[in-house]
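For reference, the chains in residue letters:
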Amino acid sequence: MGTIEQFNKYVMRSYGRYDLVMDKGDGRRAEDENGKEYIDFGSGIGTNSLGYCNEDWVNAICEQARKLQHTSNYYYTKVQADFAKALCETAGYIDMFFGNSGAEANECAIKIARKYSFDKYSKGRHNIITLVNSFHGRTLCTLSATGQDVFHNYFFPFVEGFINVEANNIDDLRAKLDDTVCAVMFEYIQGEGGVCPLDKEFVDEIFRLCDEKDVLTIADEVQTGVGRTGKFLAGDHFGHKTDLTTLAKGLAGGVPIGVCLSGEKCANVLTPGTHGSTFGGNPICCAGGLAVLNKINSEGFLAEVAEKGEYIREKLLKIPEVKSVSGMGLMIGVELKTKSAADVVRAALDKGLLLLTAKTKVRLLPPLTITYEEIDKGLTILEELLR
Ligand SMILES: *Cc1c(COP(=O)(O)O)cnc(C)c1O
């Protein structure tokens, strides 16, 4: 039995997959089981932030695996303490909670928001505003938070207490932000929703209203965070800091992690016994995360991410088939004039290029370490496909 047949026999078919068996990777190059090579413009959905098998990252992970791969959260480990300190200092937060995925990071933020409000105001202030077209994860709670009706099927009843506001609609926000609301949760750039950035005025209004009403702000930076947009947090572009920020995808360079970062307001909301995760803060993942942070914090790294993003944007806009380009840094959405993004992404596989879609757009989330030469190679393939 071939790999694909065997896989489909034993693994539930919850994904639409391409007929491609990935075997290994090196830098920004992936290789399938037949030895065919691909330039990677997807990073496994923004996860392999340093590309495949970055040497420092591999060394950090292997060293930690040889030393201590896991211990229960009844004990402390130095690698967790070191990673938490580095992350809080880099992101500008006070403390954080360790989970294993974006959805878990968001669950944590939602729980903290509700408990903050319950502790201070008691019951009845549990609603959380999320945005239409948002994406917050696949657990029942984060699906409920997700502002896209296509996700609200089959699994009834969903978790109560989420109110959707139209992105960039200030009147809608004002109308719905009443005294039943404890938090507003949003992506600065909606990723799965089609790489759609929020307007600065809308974000300003969220912060103004939330400040006025002691409503918490939660940024889901699972996709936009950790240098993806050319700053450590996408919020840094907007000049705002949310009370809570969630990170996951690129944070540990391709091993599972998700964190909820907290500022002053929520720093002491979770008390012993109120939240937990067996695998949360896994030492191997923390070691990988430290390697990622070291790289991202190195001199000039983020400026280069921004420059590479600009370079790609300019080149894309010269392609006649490209209607518009959205996003920031190395999070890029490409709207096409006539072609279907899904068809282009599929055709790109044949030509040796890994791309993503986001709704009707082609989405690029290349490894942050991609070189100009690799960018040119990938864009040449994309340009030919769009001819
Ligand atoms: C991917 C994503 C999630 C979900 O992350 P998982 O690790 O798949 O649970 C949540 N929010 C945003 C913005 C994402 O892009």
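Criteria and thresholds
- Residues numbered from 1 in each chain as written.
- Predicted model: local features only at pLDDT ≥ 70, side-chain atom pairs only at ≥ 80, totals over all residues.
- Heavy atoms only, no water.
- Salt bridge = Lys/Arg side-chain N within 4 Å of Asp/Glu carboxyl O.
- Helix = DSSP H or I, 4+ residues; strand = E, 2+ residues; numbered from the N terminus.
- Buried < 20%, exposed > 50% of the residue type's maximum accessible area, 1.4 Å probe, protein only.
- Phe/Tyr/Trp six-rings, centres within 6.5 Å; stacked < 30°, edge-to-face > 60°.
- Lys NZ or Arg CZ within 6 Å of the ring centre and 35° of its normal.
- Patch = residues over 30% accessible without salt bridge, like charges linked within 9 Å, V, L, I, M, F, W, Y side chains within 5 Å.
- Areas by Shrake-Rupley, 256 points an atom, 1.4 Å probe, with all protein chains shown as cover.
- Pairing = 2+ DSSP bridges.
- Core = buried A, V, L, I, M, F, W, Y, C linked by side-chain atoms within 4.5 Å.
- Contact = heavy atoms within 4.5 Å.

**So, the pattern of salt bridges**
And step 1. Enumeration according to the criterion identifies 18 salt bridges in this entry.
And step 2. With its nearest N and O atoms 2.9 Å apart, the salt bridge here joins Arg 363 to Glu 192. Placement of the pair is Arg 363 in strand E17 (residues 361–364) and Glu 192 in the loop between strand E8 (189–190) and strand E9 (196–197), with a sequence separation of 171 residues.
And step 3. Judged by its relative accessible area of 2%, Arg 363 is buried.
And step 4. Linking Glu 310 and Arg 313 is a salt bridge whose minimum nitrogen-to-oxygen distance equals 3.4 Å. Here Glu 310 and its partner Arg 313 are both found in helix H11 (residues 301–317), three residues apart, which amounts to about one turn of the helix.
And step 5. Taking the relative accessible area as the measure of exposure, Arg 313 reaches 10% and is therefore buried.
And step 6. Several salt bridges share partner residues, and in doing so they unite Arg 174, Glu 205, Arg 208 and Glu 212 into one network.

**Digging into the packing of aromatic side chains**
And step 1. Tallying each qualifying case throughout the model produces eight aromatic pairs.
And step 2. Ring centres 5.0 Å apart and planes at 85° place the aromatic pair Phe 186 and Tyr 188 in the edge-to-face group.
And step 3. With relative accessibility at 0%, the residue Phe 186 sits in the buried group.
And step 4. Ring plane angle 85° and centroid distance 5.0 Å describe the contact between Tyr 311 and Tyr 372, whose orientation is recorded as edge-to-face. Of the two residues, Tyr 311 sits in helix H11 while Tyr 372 sits in helix H13 (residues 372–385), which places them 61 residues apart along the sequence.
And step 5. Here a set of aromatic residues connected by ring pairs shows up, and it is made of Phe 186, Tyr 188, Phe 207 and Phe 238.
And step 6. Over the aromatic face of Phe 162 sits the side chain of Arg 114, whose NZ or CZ is 5.6 Å from the ring centroid.
And step 7. Over the ring of Tyr 121 we find Arg 125, and its NZ or CZ is 4.0 Å from the ring centre.

**A few points about a nonpolar patch on the surface**
And step 1. A cluster of nonpolar side chains, contributed by Leu 140, Tyr 154, Phe 155 and Val 159, occupies part of the molecular surface with about 440 Å² of accessible area.
And step 2. Structurally, the position occupied by Tyr 154 is in the loop between helix H6 (140–145) and strand E6 (162–165).
And step 3. By relative accessible area, Tyr 154 is classed as exposed at 71%.

**Points about the pairing of strand E3 (residues 37–40)**
And step 1. Where strand E2 (residues 29–32) meets E3, three bridges bridge the pair, whose relative direction is antiparallel. Among the inter-strand pairings, Arg 29 is bridged to a residue of E3, identified as Ile 39.
And step 2. Taking the residues that link successive antiparallel strands as the turn, the E2-E3 hairpin has four residues, and the phi of Gly 35 there is positive, at about 85°.
And step 3. When E3 meets strand E15 (residues 353–354), the two strands line up parallel, connected through two bridges. Following the sheet pairing, Ile 39 is matched in E15 by Leu 353.

**Structural notes on the nonpolar core**
And step 1. In this structure, Leu 87, Phe 232, Leu 316 and Leu 355 are the most contacted members of the largest nonpolar core, which totals 60 residues.
And step 2. Here this core gets eight residues from one element, more than from any other, and that element is helix H10 (residues 283–296).
And step 3. In this structure, Leu 355 is in contact with Phe 41, Val 344, Val 345, Ala 348, Val 362, Arg 363, Leu 364 and Leu 382, ignoring residues within four places of it in sequence.

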